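Commentary on secondary and tertiary structure
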Amino acid sequence: MIGKRFRRAAVLAATVLTAAVATAAPASATWYDRYGPDRPAGSESRSHLICISGRGINGVWTEWRCGDYTPSGYRPGGSSIVSPWYYQLQALRVKQWGLTQLCIDALVGGIGWRGAVCGGEGQVFEVGSPDYHHALNGFSVANHDPSDTLTHVAYVDNGTSEGAFAGSWTIPPNSWHLFDLHTSIYRYGLA
């Protein structure tokens with residue numbers, strides 16, 4: 001009798017645990033996986049926050065960059081610029097909070113414009129080369145937010161690991177900006 005009760009209790013506990021795991025939210029996103037971090041603590045006071053991760057020619061993605069926020073917390077002067085392996089950006093992942101919608105199209109050298117991809121609050125989206133043989137030469141960024149202004153910056157090859165500053169551009173509310181550098185983007189930032 002006690003054995004039957006124990007078995008029933010064990011089966012019931014296993015069933016409840018299985019149901020809880022099956023209906024639970026996915027595991028927490030991190031700074032190092034494809035889902036990106038949750039909105040960093042303390043960033044709620046900002047009207048928007050954009051995190052990006054870049055893929056280099058070796059197929060490895062960089063750590064997510066979220067402006068002044070890092071895996072260890074807030075760091076004033078932190079960089080939102082991604083610098084992929086061998087400094088040749090081939091794809092970009094984006095996750096944002098606070099904007100109505102953000103859309104990005106990537107200009108892939110040797111292929112052309114790939115088609116805009118959009119993301120809303122907390123959504124991850126990816127733009128760029130479908131393979132490891134083509135670098136990004138430009139972006140078209142559409143800011144569909146009615147009140148926030150965005151800024152993006154790009155660097156190109158000049159024989160150094162830092163690259164040469166190619167430009168910094170603002171994107172006003174309900175507007176877009178397109179640039180084609182006619183060469184590989186080595187470093188890129190979006191805030």
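So, here is what we can say about the structure in this document. (Residues numbered from 1 in each chain as written. Predicted model: local features only at pLDDT ≥ 70, side-chain atom pairs only at ≥ 80, totals over all residues. Heavy atoms only, no water.)

A short note on the side chain of arginine 55
Counting through the fold element by element, arginine 55 comes out in strand β1 (residues 49-55). Summary of buried charges: arginine 55 has no salt-bridge partner, and the nearest side chain of opposite charge, glutamate 126, is 4.5 Å away. A distance of 3.1 Å separates a polar atom in the side chain of arginine 55 from the backbone oxygen of serine 129. In this view, arginine 55 contacts Val60, Trp61, Pro84, Gln88, Leu89, Gln90, Ala91, Glu126, Ser129, Asp131 and Tyr132; residues no more than four positions away in its chain are not counted. (Helix = DSSP H or I, 4+ residues; strand = E, 2+ residues; numbered from the N terminus. Buried < 20%, exposed > 50% of the residue type's maximum accessible area, 1.4 Å probe, protein only. Lys, Arg positive; Asp, Glu negative; His and termini not counted. Salt bridge = Lys/Arg side-chain N within 4 Å of Asp/Glu carboxyl O. Polar contact = N/O pair within 3.5 Å; in protein donor to acceptor, adjacent residues only side chain to side chain. Contact = heavy atoms within 4.5 Å.)

Focus: the pattern of salt bridges
All told, the structure shown has 3 salt bridges when counted by the stated rule. The residue glutamate 162 makes a salt bridge to arginine 187 at a minimum N-O spacing of 3.2 Å. Taken together, the residues glutamate 162 in the loop between β11 (150-156) and β12 (164-171) and arginine 187 in strand β14 (residues 185-190) connect sequence positions 25 residues apart. The class of glutamate 162 is partly exposed, set by a relative accessible area of 49%.

Thoughts on the pairing of strand β5 (residues 91-97)
Of all 7 residues in β5, 7 are buried; the element is thus mostly enclosed. In this structure, β1 lies alongside β5, joined through 7 bridges in antiparallel fashion. Across the sheet, the residue bridging to serine 53 is arginine 93, located in β5. Note that β5 and strand β9 (residues 124-128) share 5 bridges and pair antiparallel. By the bridge assignment for β9, valine 94 is matched with phenylalanine 125. (Pairing = 2+ DSSP bridges.)

A word on the packing of aromatic side chains
Taken as a whole, this structure holds 6 aromatic pairs when the rule is applied. With 6.1 Å between their ring centres and 65 degrees between their planes, phenylalanine 139 and phenylalanine 179 make a pair best called edge-to-face. Here the residue phenylalanine 139 occupies a position in strand β10 (residues 136-143), and phenylalanine 179 occupies one in strand β13 (residues 175-180), the gap between them amounting to 40 residues. Assigned by exposure class, phenylalanine 139 and phenylalanine 179 land together as buried. (Phe/Tyr/Trp six-rings, centres within 6.5 Å; stacked < 30°, edge-to-face > 60°.)

Some details on unusual backbone geometry
The phi torsion at asparagine 174 lies on the positive side, around 50 degrees, for a residue other than glycine. Along the chain, asparagine 174 turns up in the loop between β12 and β13. Judged by its relative accessible area of 54%, asparagine 174 is exposed.

Regarding the sheet that holds β1
As summarised here, the arrangement of the 3 strands in space is β1-β5-β9, forming an open sheet in which the pairing is antiparallel. Edge strands, defined here as strands with exactly one partner in the open sheet, are β1 and β9. Taking the axes of each pair of neighbouring strands and ignoring which way they run, one obtains an average angle of 20 degrees across the sheet. (Axes fitted to C-alpha atoms, helices over the stretch in contact; angles between N-to-C directions.)

Some points on the state of the cysteines
One pass over the structure, following the stated rule, counts 2 disulfides. Disulfide pairing places cysteine 103 opposite cysteine 118 at an S-S distance of 1.9 Å. Negative torsions about the S-S bond denote left-handed disulfides, and the value of about 110 degrees found for cysteine 103 with cysteine 118 makes this one right-handed. Placement of cysteine 103 in strand β6 (residues 102-108) and of cysteine 118 in strand β8 (residues 117-119) is noted, with a sequence separation of 15 residues between them. When the cysteines engaged in disulfides are numbered in sequence order, the protein pairs them as 1-2, 3-4. (Disulfide = S-S within 2.5 Å.)

What to know about the side chain of serine 80
When you line up the elements, serine 80 lands in the loop between β3 (73-74) and β4 (81-82). Among all residues touching serine 80, those that are not within four sequence positions of it are Ile52, Arg65, Gly67, Tyr188, Gly189, Leu190 and Ala191.

Quick look at the nonpolar core
Note on soluble globular proteins: their nonpolar side chains tend to be buried together. Within the largest apolar cluster, 26 residues are counted, with the highest numbers of intra-cluster contacts made by Leu102, Ile104, Phe139 and Tyr188. If you list the elements that add at least two residues to this core, you get β1, β5, β6, β9, β10, β11, β12 and β14. Of the residues forming this core, the biggest block, 4 residues, is contributed by β6. Tyrosine 188 has contacts with Ile52, Ser80, Ile81, Val82, Leu89, Leu92, Phe139, Val141, His152, Val153, Ala154 and Phe179, leaving out every residue within four places of it along the chain. (Core = buried A, V, L, I, M, F, W, Y, C linked by side-chain atoms within 4.5 Å.)

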